[in-house]
Amino acid sequence: MRHWRWKLLTALTVLTLAASPPQTASPHVLLLRASGALTPAMAEYLERGLATADGQGAAAVVLMLDTPGGSIDLMNRMVQAIRASTTPVIVYVAPRGAIAGSAGTVISLAGHVLAMAPETAIGAASPVGPQGEDLGQTLEAKTKEILKATVRGLAERRGPEAVALAESAIESARAASAEEALQAGMADFIADDLDHLLTSLDGFTVQLASGPVTLHTRGATVTELTPSLIEQLLGALTNPNIVFILLALGVQAILIELSSPGGWVAGFVGVSALALGAYGLGILPVNWFGLVFLGTSFVLFVLDIKAPTHGALTAAGLASFIVGALVLFNSPGTPSFQRVSVPLVLGVGAVMAGAFLAVVSFVVRAHRRPVGTGSQAIVGRVGVVREALEPVGQVQVAGELWSAEVEDGAAAIPAGSRVIVEAVVGVRLRVRPADRPGG
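Residues numbered from 1 in each chain as written. Predicted model: local features only at pLDDT ≥ 70, side-chain atom pairs only at ≥ 80, totals over all residues. Heavy atoms only, no water.

Colleague: Looking at this model, I keep getting lost on the sheet that holds strand β15 (residues 418–425). Mind explaining?
Modeller: Read once around its circumference, the closed barrel built from 5 strands follows the order β12-β13-β14-β16-β15, with strand pairing classed as mixed. Direction aside, the axes of adjacent strands within the sheet are offset by 55° on average. Relative to strand β16 (residues 428–433), strand β14 (residues 400–406) is paired through 4 bridges, and the arrangement is parallel. What sits directly across from Glu 405, in β16, is Arg 430. (Pairing = 2+ DSSP bridges. Helix = DSSP H or I, 4+ residues; strand = E, 2+ residues; numbered from the N terminus. Axes fitted to C-alpha atoms, helices over the stretch in contact; angles between N-to-C directions.)

Shown next as structure tokens:
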């Protein structure tokens, strides 16, 4: 009897374990943050994040977006990366006060899900030129039509009202709040924070290129992918204030190298800073005419070091430097978020002017300083006669024994007398008695 009881207990245990659902790991969501104007580093970061999510088998990627926009080329690159993703991409315009402006509007629509935090905005996507200027009539019409066709394709599944709002954002720079975007069907959710977003997304079905996918994000483990050191560096190099500081530092270091050649540290720092600044200039919408003024200031600074004018050329160089920086970065039409700080330009200019004035003062003093080496250095020195000057003899000056002579017609000077060197003629000194006033 006991034998059959053990068999029955074992069978019940096996059936219970077979009926129990398997333990599954919590879903994994990868978080990316994109803040500021679009940059190549931001596009690289997005592409790396999508590849990482695919390799990790993440349930979704959340792209937290806050951008005033950027170039159409970068926008297209990011849109293509999102649409080609095998992992669902949720674009989340956040935190409160964030915007998805201009090109950010199209990137937001490219997401498989568009969510917005309260008090955020989307739209104002009318195209402008590289320097923020208005486009010509023909080019503007072409660019708008291309962008409208793009957003129609991206917003089509969201309904006609969403398509109309997206087209008006391009045609007439219309912007919408989070609530307005939700009502029009452009946004799928309004979420207070990331936890609220993941809870709202649970069970929502998105359409990937491979087919429909139902999201399971409730209680998901969120991992944030931080930008790499290179991505952070390249991102910083699109900040106009940092680019300006690099240019100023490069010019300063190069001029230090020119004023006291022979070292390599200043020259290396200067070349490196200018190279990094040049990369930033290639990304930012700048007016290249400003480089003419910056180049002029560089020439004026060098001239004032080589041929000191008591600071006159330095002052002119300072004025040219400030004008050049403002023309380069702050020309009319440049977006406000890509302008250099005027107080920073004035402050850096003042520091550079002070540094160059100090260099110029050192050069002037060096020119005025009496010769400290060679035979001319002993003119005016006091010596002692070792062999009577009748009129030629020997004098010890500064620890050295020289052949010396007295002036024509002067009385002989006995040994042991003190004399003053008046001139050096060849290898012989011309002296006079120390107790006789000089002529």
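Colleague: How should the sheet that holds strand β2 (residues 60–66) be read in this particular structure?
Modeller: Judged by pairing direction, the sheet is parallel, and its 6 strands sit side by side in the order β8-β5-β3-β2-β1-β11 without closing on themselves. Edge strands, defined here as strands with exactly one partner in the open sheet, are β8 (189–190) and β11 (221–224). Note that strand β3 (residues 89–93) and strand β5 (residues 113–116) share 4 bridges and pair parallel. Bridging across to β5, Tyr 92 finds its partner in Ala 115.

Colleague: How should the packing of aromatic side chains be read in this particular structure?
Modeller: Summed over the entire model, instances satisfying the criterion amount to 3 aromatic pairs. Centroid distance Phe 244 to Phe 321: 5.7 Å. Interplanar angle 45°. Geometry classified as tilted. With a gap of 77 residues between them, Phe 244 in helix α10 (residues 240–259) and Phe 321 in helix α13 (residues 312–329) connect regions that are remote in the sequence. Taking the relative accessible area as the measure of exposure, Phe 244 reaches 2% and is therefore buried. For Phe 321, a relative accessible area of 3% translates into the label buried. Centroid distance Phe 289 to Phe 293: 5.5 Å. Interplanar angle 90°. Geometry classified as edge-to-face. On the basis of relative accessible area, Phe 293 is assigned to the partly exposed category, the value being 27%. (Phe/Tyr/Trp six-rings, centres within 6.5 Å; stacked < 30°, edge-to-face > 60°. Buried < 20%, exposed > 50% of the residue type's maximum accessible area, 1.4 Å probe, protein only.)

Colleague: I tried to follow unusual backbone geometry on my own but got confused; where do I start?
Modeller: With glycine set apart, most residues show a phi of negative sign, and most peptide bonds adopt trans. Looking along the chain, the bond that leaves Ala 94 and enters Pro 95 is cis, with omega of 0°. Counting through the fold element by element, Pro 95 comes out in the loop between β3 and β4 (99–101). Going from Glu 390 to Pro 391, the amide bond is cis rather than trans, its omega being 0°. Along the chain, the position of Pro 391 falls in the loop between β12 (382–387) and β13 (392–397). Positive phi is not limited to glycine here, since Glu 119 has a value of about 65°. Mapped onto the fold, Glu 119 is located in the loop between β5 and β6 (121–123).

Colleague: I tried to follow the nonpolar core on my own but got confused; where do I start?
Modeller: For soluble globular proteins, nonpolar side chains are generally found buried alongside one another. Leu 114 and Met 186 are the most contacted members of the largest nonpolar core, which has 51 residues in total. Those residues in contact with Leu 114 that sit more than four places away from it in its chain are Val 91, Val 93, Ser 108, Leu 109, Ile 122, Arg 158, Met 186, Ala 187, Asp 188 and Phe 189. (Core = buried A, V, L, I, M, F, W, Y, C linked by side-chain atoms within 4.5 Å. Contact = heavy atoms within 4.5 Å.)

Colleague: Can you walk me through helix α8 (residues 194–201) in this structure?
Modeller: The α-helix advances 3.6 residues per turn, and as a result positions three or four apart in sequence lie on the same side. Residues of α8 that are buried: Leu 194, Leu 197, Leu 198 and Leu 201. One face of α8 carries all of its buried residues, which in axial projection span an arc of 95°. Taken together, the buried residues of α8 touch β1 (28–35), β2, β3, β5, β8 and β11. The distance from a side-chain oxygen at the start of α8 to the backbone nitrogen of Asp 195 is 3.3 Å, and the residue carrying that oxygen is Asp 193. Phi for Gly 203, located one or two positions after α8, is positive at around 90°. (Arc of directions from axis to C-beta. Polar contact = N/O pair within 3.5 Å; in protein donor to acceptor, adjacent residues only side chain to side chain.)

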